[in-house]
Amino acid sequence: AAKEAGKNRYKCYDGKGQAEASELMELRNYLRKALSRGELELYYQPQIQAGSAQLVGMEALLRWNHPKLGPVSPQQFIPLAEETGLIVEIGEWVLRVACAQNKEWQEAGFPELRIAVNLSARQFASGDLAASVRSALEASGLEPRYLELEITENMAMKNENLPTLELLRDMGITLSIDDFGTQHSSLGYLKSLPISRIKIDRSFVSGIGKDERDEAIIHAMMLVARRLKLSVVAEGVETEAQYRFLAEHECDDIQGFLFYRPQPAELIRKVLLEHWKS
Ligand code: C2E
Ligand code: MG
Ligand code: MG
Ligand code: MG
């Protein structure tokens, strides 16, 4: 009955808008408890070297399994975590778990891989990012060269972030630009920033074989990257044709459903076993 009354109440206002706002508020409150209730989990998506198909890395991708709502998409909850500031605490957890997991795989005897962790703007602004990265590395015993941090162009372009980025680079960590080509930025920053890798966004990859303009953009990105000695990984590779185009254009690494979907650690262990058995 209370629910019915609630529904009617929303109708009095701008129906949909109000209901959505209250759903968001509920989600935000659930999210506050997600970490302590153990509802967050990292999935890992393998990256392979184009050409050799050798595994070279993993991207850690956050998942939230809400007991009643089920899985909530990162596209939905990451913005909420950012807006509430919870992303700082969650981001520290992600760093700790990802570093520890990578170290565990190494100790199990698998060849060394790099693990890539996504960062949020808020992690630069509040708290000491370099200190939390250092503490995740120290706690796990993972060498910094096996950690990659993914930032967006907007984060890279912020002057205030430069000292932290340089500190991270000097520690031996790989810095990469995620979703490359989708935000407001100039190419000039690639020459002055401590970046060593770019990730071509899925929106360009999906145009391969369909839209010559996307192919032209990828081609140009590859040329710039090669001349600046940046390595390139393409994300969202779903088809054989996309893979072939990228390999022909000397893209270094490939990440996408064509090879692997993001998977929980137990399943990744099987991927690793399968990949290196012989
Ligand atoms: P992203 O960092 O650009 O991650 C790549 C996204 O593309 C992932 O979505 C991945 O599952 C998806 N993907 C990979 N291959 C394919 C493919 O072949 N086809 C398609 N259609 N999709 C593919 P996901 O896991 O939903 O994550 C979405 C975004 O959420 C990420 O985009 C990232 O921006 C953010 N995110 C995820 N985990 C974290 C985290 O731990 N911290 C922060 N700050 N952000 C995160
Ligand atoms: Mg990413
Ligand atoms: Mg991306
Ligand atoms: Mg993306």
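Along each chain, residue indices are assigned from 1 in the same order as the chain's sequence is written. Each chain takes a letter, starting from A, and each ligand takes a number, starting from 1, following the order in which they are written. Confidence filtering applies because this is a predicted model: local features only for residues at pLDDT of at least 70, side-chain atom pairs given and counted only at 80 or more, and all residues used for totals across whole chains, interfaces and linings. To get the side-chain values, take all heavy atoms of the structure and skip hydrogens and water.

## Some details on the overall build of the protein chain
On a plain count of helices and strands, the protein chain comes out with 13 helices and 10 strands. In summary, the protein chain has a C-alpha radius of gyration of 20 Å against a globular reference of 19 Å for 278 residues, a match within 12%. In terms of principal-axis extent, the alpha carbons of the protein chain reach across some 65 × 45 × 45 Å. Each residue is assigned to one of three classes by its accessible area relative to the maximum for its type, calculated with a 1.4 Å probe on protein chains only: buried under 20%, partly exposed between the two thresholds, exposed over 50%. The 278 residues of the protein chain split such that 45% are buried. In the protein chain, 66% of the contacts between residues at least 6 apart in sequence involve partners at least 24 apart. Carbon and sulfur atoms form 50% of the exposed surface of the protein chain, whose accessible area is close to 14,600 Å². Here a helix means four or more residues in a row that DSSP labels H or I, a strand means two or more in a row labelled E, and each is numbered from the N terminus. For the radius of gyration, the atom set is restricted to C-alpha positions; the globular benchmark scales as 2.2 Å times the number of residues to the power 0.38. In what follows, a contact means two residues having at least one pair of non-hydrogen atoms within 4.5 Å. In these tables, accessible area is a Shrake-Rupley quantity obtained with a 1.4 Å probe, and a residue counts as shielded only by the protein chains included in the view.

## A closer look at the pairing of strand 8 (residues 231–235)
Of all 5 residues making up strand 8, 4 are buried, and the element is well covered by its neighbours. Bridge analysis of strand 8 against strand 9 (residues 253–255) gives 3 bridges, and the strand direction is parallel. When the bridges of strand 9 are listed, V233 appears paired with D253. Assessed by its sense of winding, the connection that carries the chain from strand 8 through helix 12 (residues 240–248) to strand 9 is right-handed. Paired strands, in this sense, are two strands between which DSSP finds at least two bridges. Whether a crossover is right-handed comes down to one check: with the strands pointing away from the viewer, does the path from the first strand over the helix to the second run clockwise; if it does, it is right-handed.

## Focus on the coordination of the magnesium ion (ligand 2)
In ideal tetrahedral geometry, four donors around a metal make angles of 109.5 degrees, whereas ideal octahedral geometry with six donors gives angles of 90 or 180 degrees. A donor here means any N, O or S atom no more than 2.8 Å from the metal (3.2 Å for Na, K and Ca); water is not included, so a site may seem to lack partners. Donor atoms from the polypeptide that coordinate the magnesium ion (ligand 2) comprise E59 (OE), N118 (OD1), E150 (OE) and D178 (OD), at 2.0 to 2.2 Å from the metal. Sequence spacing of the donor residues for the magnesium ion (ligand 2), all on one chain, is E-x58-N-x31-E-x27-D. Between the magnesium ion (ligand 2) and the magnesium ion (ligand 3), a separation of 3.9 Å is found, and both are coordinated by D178. Linking N118 in strand 4 (residues 114–118) with D178 in strand 6 (residues 174–180), this pair joins segments that are 60 residues apart in sequence. For N118, a relative accessible area of 29% gives the class partly exposed.

## So, the packing of aromatic side chains
Pairing of aromatic rings covers Phe, Tyr and Trp, the last through its six-membered ring, and needs centres within 6.5 Å; plane angles under 30 degrees mean stacked, over 60 mean edge-to-face, and all others mean tilted. In this structure the tally under the stated criterion is 3 aromatic pairs. Here the aromatic rings of Y44 and W105 are separated by 5.1 Å at their centres, their planes lie at 80°, and the arrangement is edge-to-face. Of this pair, Y44 sits in strand 1 (residues 40–49) while W105 sits in helix 4 (residues 86–107); the two residues are 61 residues apart in sequence, bridging distant segments of the chain. W105 shares its class with Y44; the two are buried. With a centroid separation of 5.6 Å and an interplanar angle of 80°, the aromatic rings of W64 and F77 are classed as edge-to-face. In this pair, W64 sits in strand 2 (residues 55–66) while F77 sits in helix 3 (residues 74–84), placing the two residues 13 residues apart along the sequence. As far as burial versus exposure is concerned, W64 and F77 are alike and both buried. A ring is scored as having a charge over it whenever the NZ atom of a lysine or the CZ atom of an arginine sits within 6 Å of its centre and within 35 degrees of its normal. Positioned over the ring face of F257 is R261, at 3.9 Å from the centre of the ring.

## Overview of the site of ligand 1
In these notes, residues near a molecule or strand are those with any non-hydrogen atom within 4 Å of it. Neighbouring ligand 1 are 23 residues, the closest being R63, N118, D178, E238 and F257. Whenever two N or O atoms come within 3.5 Å, that pair is a polar contact, provided that in protein one can donate a hydrogen and the other can accept it, and provided that, for residues adjacent in sequence, both atoms are side-chain atoms. D179 places a side-chain nitrogen or oxygen 3.1 Å from an oxygen atom of ligand 1. In this structure, E238 approaches ligand 1 through a side-chain N or O atom, which is 2.5 Å from a nitrogen atom. Surface burial for ligand 1 is 84%, taken as the share of its 810 Å² of free accessible area covered by protein chains. Sorting the residues of the shell around ligand 1 by element identifies strand 2, helix 3 and strand 6 as the ones contributing at least two each.

## Focus on helix 3
Of all the positions in helix 3, only F77, L80 and A81 are classed as buried. Along the axis of helix 3, the buried positions cluster into a sector of 100°, meaning they face one direction only. G85 sits one or two residues past helix 3 and shows a positive phi near 85°. The reported arc concerns the directions from the helix axis to the C-beta atoms and nothing else.

## Some thoughts on the confidence of the model for the protein chain
One rule of thumb: low pLDDT means the predicted coordinates there are not for detailed reading. Here the protein chain averages 92 in pLDDT, and 94% of its residues register 70 or above. For the stretch residues 1–13, pLDDT sits under 50, and the model shows 5 contacts to residues farther than four places along the chain or on other chains. Scoring the predicted complex yields pTM 0.93 and, for the interface, ipTM 0.98. By definition, pLDDT measures how confident the predictor is in each residue, and it falls between 0 and 100.

## A word on unusual backbone geometry
If a residue is not glycine, its phi is most likely negative; likewise, a peptide bond is most likely trans. With a phi close to 50°, D179 is a non-glycine residue in the positive phi region. Residue position: D179 is located in strand 6. The backbone of K229 sits at a positive phi, close to 60°, despite the residue not being glycine. Within the secondary structure layout, K229 lies in the loop between helix 11 (212–227) and strand 8. On the accessibility criterion, K229 (72% relative accessible area) is exposed.

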